[in-house]
Amino acid sequence: MIIEVENLVKNYGEVNAVNGISFTVNEGALFSFLGTNGAGKSTTINVLTTLIKKTSGNVFIDGINIEKSPEKIRKLIGIVFQDSVLDGNLTVYENLCVRASLYPEIADIKSTAKHALKLTGIDYGNRRYKTLSGGQRRRADIARALLHTPKILFLDEPTTGLDPKTRGDIWELIRNLQKTNNTTVFLTTHYMEEAADSDNIIIINKGEIRAEGTPVKLKEEYCKDRLRVTFKTGEILKKELAKTTDAIPFLLENKDKIENVEIINGTLDDVFLNLTGGLTDVN
Ligand SMILES: Nc1ncnc2c1ncn2[C@@H]1O[C@H](COP(=O)(O)OP(=O)(O)OP(=O)(O)O)[C@@H](O)[C@H]1O
Ligand SMILES: [Mg+2]
């Protein structure tokens, strides 16, 4: 286990942002943290990446207690923040060079920056960051997080605000990094269907874990398939199914009376809505 979190609590004064969560992440996994606005996703990431101090609980990254050796943790991790931290007036390449120069272990700054550009498929390294589109910026943010080849990459909403095609591209990039370098990826997202591609999911609501498991397991447990039958009389029947094959006996029995049949599979969106009462708003 590369990440171990035990009973983590984070309060901001009166605000109880994270309320006793425990989970583990396997090395090399793609792990998604799902939740509505204000659920506690960024707070959790900020604690795990040593940016803020926890109120109580224990966190181990690669076996190291984050409180005992935060500087060791920072060498192991790369972070892509919810809001970008690159300098708009510098080019992407310049941004990467400035950042790389902060790591004493990086000997050849220029070649490290170029390698990060290549890894993330950026062919616009000489353009100023502020002139880039949202998707291009995200790629640059990811390149920045990869400079010191971290074992774990944290991404806080890497795809929010991007169009569906660009979201797909960013996901492909993340997946490739995870597979080729065996990088552990810990990300947060609002988009349920994206998480369907991850190895493990945690759904968090109001600072507490509501559900946890593989996408398949979550769908099995928390959403139902539905059968919708239109009879020749025009009457419509809707029925929930534990599994789609449960429809077969009913359909056989009524086959002469049925005009049309639809089976609607449950989605991760259903799981999420069932567990959280829905998205309040999307940023
Ligand atoms: N610095 C802070 N001071 C006080 N309260 C905070 C602070 N940061 C976050 N909070 C509160 O903690 C709770 C969790 O916030 P957090 O940013 O972790 O949520 P999130 O899941 O990342 O939400 P979003 O999807 O909107 O990014 C919210 O109620 C938020 O208002
Ligand atoms: Mg957040």
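The structure presented is a predicted model; accordingly, all values stated were derived computationally and were not measured.

## Quick look at the overall build of the protein chain
Phase 1 of the analysis: Helix and strand counts for the protein chain come out as 10 helices and 13 strands.
Phase 2 of the analysis: By principal-axis analysis of the C-alpha atoms, the protein chain measures approximately 75 × 45 × 35 Å.
Phase 3 of the analysis: Considering the protein chain as a whole, with its 283 residues, one finds that 36% of them fall into the buried category.
Phase 4 of the analysis: Nonlocal contacts in the protein chain, meaning residues at least 24 apart in sequence, comprise 68% of its contacts between residues at least 6 apart.

## Here's the deal with the packing of helix H3 (residues 92-100) against helix H4 (residues 109-119)
Phase 1 of the analysis: In the contact formed by H3 and H4, the axes pass within 9 Å of each other and the chain directions differ by 125°. Here H3 lies oblique to H4, going by the angle between them. When you trace H3 past H4, the crossing you get is right-handed. From H3, Tyr-93, Leu-96, Cys-97 and Ala-100 reach across to H4, where they touch Ile-109, Lys-110, Thr-112, Ala-113, Ala-116 and Leu-117.
Phase 2 of the analysis: Looking at the contact of H3 with H4 residue by residue, the classes come out as eight nonpolar, one polar and one charged.

## What about the site of ligand 1?
Phase 1 of the analysis: Around ligand 1 sit 13 residues, and of these Tyr-12, Ala-17, Lys-41, Ser-42 and Thr-43 come closest.
Phase 2 of the analysis: Elements represented by at least two residues in the shell around ligand 1 include exactly strand S2 (15-25) and helix H1 (41-48).
Phase 3 of the analysis: No other element matches the three residues that H1 contributes to the shell around ligand 1.

## Notes on the pairing of strand S11 (residues 225-231)
Phase 1 of the analysis: Relative to strand S12 (residues 236-241), S11 runs antiparallel, the two sharing six bridges. Residue pairing for S12: Thr-230 is matched across the bridge by Ile-236.
Phase 2 of the analysis: Once S11 ends, the chain turns through four residues before running back antiparallel as S12, passing Gly-234 with a positive phi of about 100°.
Phase 3 of the analysis: Both S11 and strand S13 (residues 258-264) contribute to a ladder of six bridges, which runs antiparallel. Residue Phe-231 lies in a different strand from S13, and its bridge partner there is Ile-258.

## Some thoughts on the pairing of strand S1 (residues 3-12)
Phase 1 of the analysis: In this structure, S1 lies alongside strand S4 (residues 56-61), joined through five bridges in antiparallel fashion. By the bridge assignment, Glu-4 is partnered in S4 with Phe-60.
Phase 2 of the analysis: Sheet topology note: the S1/S2 ladder contains eight bridges and is antiparallel. Across the sheet, the residue bridging to Lys-10 is Val-18, located in S2.

Rules behind the numbers
Residues numbered from 1 in each chain as written. Chains lettered and ligands numbered in written order. Predicted model: local features only at pLDDT ≥ 70, side-chain atom pairs only at ≥ 80, totals over all residues. Helix = DSSP H or I, 4+ residues; strand = E, 2+ residues; numbered from the N terminus. Buried ≥ 20, exposed ≤ 12 C-beta atoms within 10 Å, placed from the backbone. Contact = placed C-beta atoms within 7 Å. Axes fitted to C-alpha atoms, helices over the stretch in contact; angles between N-to-C directions. Parallel < 35°, antiparallel > 145°, perpendicular 65-115°, else oblique. Left-handed = near helix turned anticlockwise from the far one by under 90°. Nonpolar A, V, L, I, M, F, W, Y, C, P; charged D, E, K, R; others polar. Near = placed C-beta within 6 Å. Pairing = 2+ DSSP bridges.

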